[in-house]
Amino acid sequence: MDFELMLKVYPFFLEAAWTTILLSVLTAILGLTCGTLGAAARLSRFAALRFLGAAYVSLFRGTPALIQLFILYFGGPQIGIQLDAFEAGVIGLGINAGAYMTETIRGGVISIDRGQREAARTLGLSSWQATYKIILPQAARLMVRPLGVNLNMLIKATALVAAISVIELTYTAQRYIGSTYKPFEMFLLAGVLYMIIIYVVGRGVAWLDRKVQIN
Amino acid sequence: MTEQTDFVEIRHAQKSFGALEVLKDISLSVTRGQIVGIIGSSGSGKSTLLRAINDLDPLTGGEIWLDGVQVNKSLPHRQYEKHINEMRQQVGMVFQHFNLFPHMTARENVTMAPKMLKGLSQAAADKLAEEQLDKVGMLERIDYYPSQLSGGQKQRVAIARALAMKPKLMLFDEATSALDPELVEEVNLVMKRLAEEHMTMIIVTHEMDFAASVCDRVLFMDKGVVVEEGPPATMFKHPTKERTREFLRKHIEGAK
Ligand SMILES: Nc1ncnc2c1ncn2[C@@H]1O[C@H](COP(=O)(O)OP(=O)(O)OP(=O)(O)O)[C@@H](O)[C@H]1O
Ligand SMILES: [Mg+2]
């Protein structure tokens, strides 16, 4: 194994890792936003919104994320959507992650005992007041772990945007393979950096999960 | 419209869950300060009737009136929500499984709704919480979370939470059924104290002795109808209907 080469290219990989992190953060924010809206739609009392929510989930979970990215980035200009690769990556991955998060958030909300909402409504709270004062604070605690799983998958999925040439970790590894012919070292380096990112995020999620538990 | 004495009035209440008719033309009126017990076997519709009173299980037919106002009147959705939230503020409900908010302390459970709906200041809310929790003997546990309380203590906090809204009417749906036998009495005592204060109450219960000791009237329900009703002395000692006799035989002898 060529450690010398790895040490030499390492700073470039580190820089690419920052792009991966930025991509992950933006994707997570967009994903959470879409997931919250999606869950709200899935749980709405309006059938049309429930249908839209369900369609969103099955469409984006039912097709490869890579195809979704390709349609957005390569197909987009054909229908007047001009995005640079990074933007397309964030939007494509964010909407995709949102579909998974929709189910996570919905799962958290519906797992709260029916009696909680009833008790709140009985006191005179409106449906919305019961939701945000009673249901969501409890559901949010239950969601930390499964959302952590979504986050883990989302970080790994950022590797896909290499295919639309966003200069993140995976793309960088591929590029250095072109000039060094050392795929083992280059992919290993990228893999280790992914692992560090995912490990840190995983610890953060575990910490948050412990922190929000009641007592 | 309604006579002044009819504080709660249920007129021809009918409720179906799909094809299953759970309440069949039930009429009932309760005067102010009266304590009505509802007994009956499992599945007879007791909870459904109680929950219809504050519209948790909306009726499919008939009317519910509270203090001269129709609870289940037909209004456009938004207006109905506003109306029903106001009505529910006047009706306290206590559930078999307490349904305390686990992410809030006893104090927060009690003050949440008054702060939110009546705009109480923190100081006023704290005073209210102390007052109400003291009344149910839970003042020392004011800053405990539900998970740190026993079943009987949880139920007493739940009663305090309902009372904090200063309801005109209290509904109890088997408030002691989920409790260990040795914890039943402390909750019954709280309810007895409310009875002495002339709170209007409708109490669904499986405890015949308790019903006999606090209720002014007892209703026996079976298969969605009120089979028989009367003061506890007559109901428990000289029931006239065979179905009532059979139920009481099973229940009073079964308990011994
Ligand atoms: N949400 C619901 N959907 C369908 N059926 C229901 C629903 N709620 C109650 N039922 C049915 O209505 C009937 C009456 O139920 P209810 O809970 O009022 O009985 P109950 O007298 O309170 O019984 P218990 O003593 O067991 O509490 C039962 O057959 C029950 O299965
Ligand atoms: Mg019941």
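Residues numbered from 1 in each chain as written. Chains lettered and ligands numbered in written order. Predicted model: local features only at pLDDT ≥ 70, side-chain atom pairs only at ≥ 80, totals over all residues. Heavy atoms only, no water.

Novice: Help me understand the interface of chain B and chain A, please; the structure alone is not making it clear to me.
Specialist: In many analyses, interface size is given as the accessible surface area lost on bringing the parts together. In this assembly, 27 residues from chain B lie in contact with 24 residues from chain A. Roughly 2100 Å² of surface becomes buried between chain B and chain A when both sides are summed, with 60% attributable to carbon and sulfur atoms. The three residues of chain B that bury the most area against chain A are B:F101, B:H103 and B:M116, which together make up 26% of that side's buried surface. Where chain B meets chain A, there are two salt bridges. Inspection of the region where chain B meets chain A yields seven residue pairs in polar contact (both at pLDDT 80 or more). If you tally residues by element for the side of chain B that touches chain A, the top one is helix α2 (residues 77–89) of chain B, at six residues. (Contact = heavy atoms within 4.5 Å. Buried area = accessible area lost by both parts, 1.4 Å probe. Salt bridge = Lys/Arg side-chain N within 4 Å of Asp/Glu carboxyl O. Polar contact = N/O pair within 3.5 Å; in protein donor to acceptor, adjacent residues only side chain to side chain. Helix = DSSP H or I, 4+ residues; strand = E, 2+ residues; numbered from the N terminus.)

Novice: Where do I start with helix α3 (residues 65–75) of chain A in this structure?
Specialist: The α-helix advances 3.6 residues per turn, and as a result positions three or four apart in sequence lie on the same side. All names here are of chain A. Among all positions of α3, only A65, Q68, L69 and L72 are buried. The arc that holds the buried residues of α3, viewed along the axis, is 100 degrees, so those residues lie on one side. Contacts from the buried residues of α3 go to α2 (47–61) and α4 (85–110). (Buried < 20%, exposed > 50% of the residue type's maximum accessible area, 1.4 Å probe, protein only. Arc of directions from axis to C-beta.)

Novice: Honestly, the side chain of A:T102 in this entry has me stumped. Any pointers?
Specialist: Within the secondary structure, A:T102 sits in helix α4. If sequence neighbours within four positions are ignored, A:T102 has contacts with A:C34, A:G35, A:G38, A:A39, A:R42, A:Y56 and A:V57.

Novice: Would you take a moment to explain helix α5 (residues 151–163) of chain B for this structure?
Specialist: Residues and elements named next belong to chain B. For α5, spanning 13 residues, the distance from its first C-alpha to its last is 18 Å, which sits close to the expected 18 Å at 1.5 Å a residue. Burial analysis of α5 places twelve of its 13 residues in the buried class, which makes it a mostly covered element. Listing the buried residues of α5 in full gives G151, G152, Q153, Q155, R156, V157, A158, I159, A160, R161, A162 and L163. (Expected span 1.5 Å × (residues − 1).)

Novice: Would you mind showing me how to read the sheet that holds strand β10 (residues 225–230) of chain B here?
Specialist: Neighbouring strands of a sheet are bound in pairs by backbone hydrogen bonds; such pairs are parallel or else antiparallel. All names here are of chain B. Spatial ordering of the open sheet is given by β6-β7-β8-β3-β9-β10, a layout of six strands whose pairing is mixed. Among the strands making up the open sheet, the edge pair consists of β6 (91–94) and β10. Each adjacent strand pair in this sheet contributes to an overall mean axis angle of 20 degrees, direction not counted. Two strands pair when backbone bridges link them, and strand β3 (residues 35–40) and strand β8 (residues 200–204) are joined in this way by four bridges, in the parallel orientation. Of the residues in β8, the one forming a bridge with V36 is I202. (Pairing = 2+ DSSP bridges. Axes fitted to C-alpha atoms, helices over the stretch in contact; angles between N-to-C directions.)

Novice: Looking at this structure, I do not really get the confidence of the model for chain A. What am I missing?
Specialist: Detailed reading of the predicted coordinates is not advisable wherever pLDDT is low. Taken over all residues, the pLDDT of chain A has a mean of 94, while the share at 70 or more is 99%. Here helix α7 (residues 169–180) of chain A stands out as the element of chain A with the lowest mean pLDDT, 91, in contrast to α2(A), whose mean of 97 is the highest. (pLDDT = per-residue confidence, 0-100.)

Novice: How should I be thinking about the site of ligand 1 in this particular structure?
Specialist: All names here are of chain B. Taken together, 13 residues sit near ligand 1, with S42, G43, K46, S47 and T48 positioned nearest. Contact between ligand 1 and S42: an oxygen atom at 2.5 Å from a side-chain N or O atom of the residue. Residue G45 places a main-chain N or O atom 3.0 Å away from an oxygen atom belonging to ligand 1. With the chains in place, 61% of the 630 Å² that ligand 1 exposes on its own is no longer accessible. When residues of the shell around ligand 1 are traced back to their parent elements, those giving at least two are β2 (20–31) and α1 (46–53). The dominant element in the shell around ligand 1, judged by the number of residues it contributes, is α1, at three residues. Class assignment for the residues of the shell around ligand 1 results in three nonpolar, eight polar and two charged. (Near = heavy atom within 4 Å. Areas by Shrake-Rupley, 256 points an atom, 1.4 Å probe, with all protein chains shown as cover. Nonpolar A, V, L, I, M, F, W, Y, C, P; charged D, E, K, R; others polar.)

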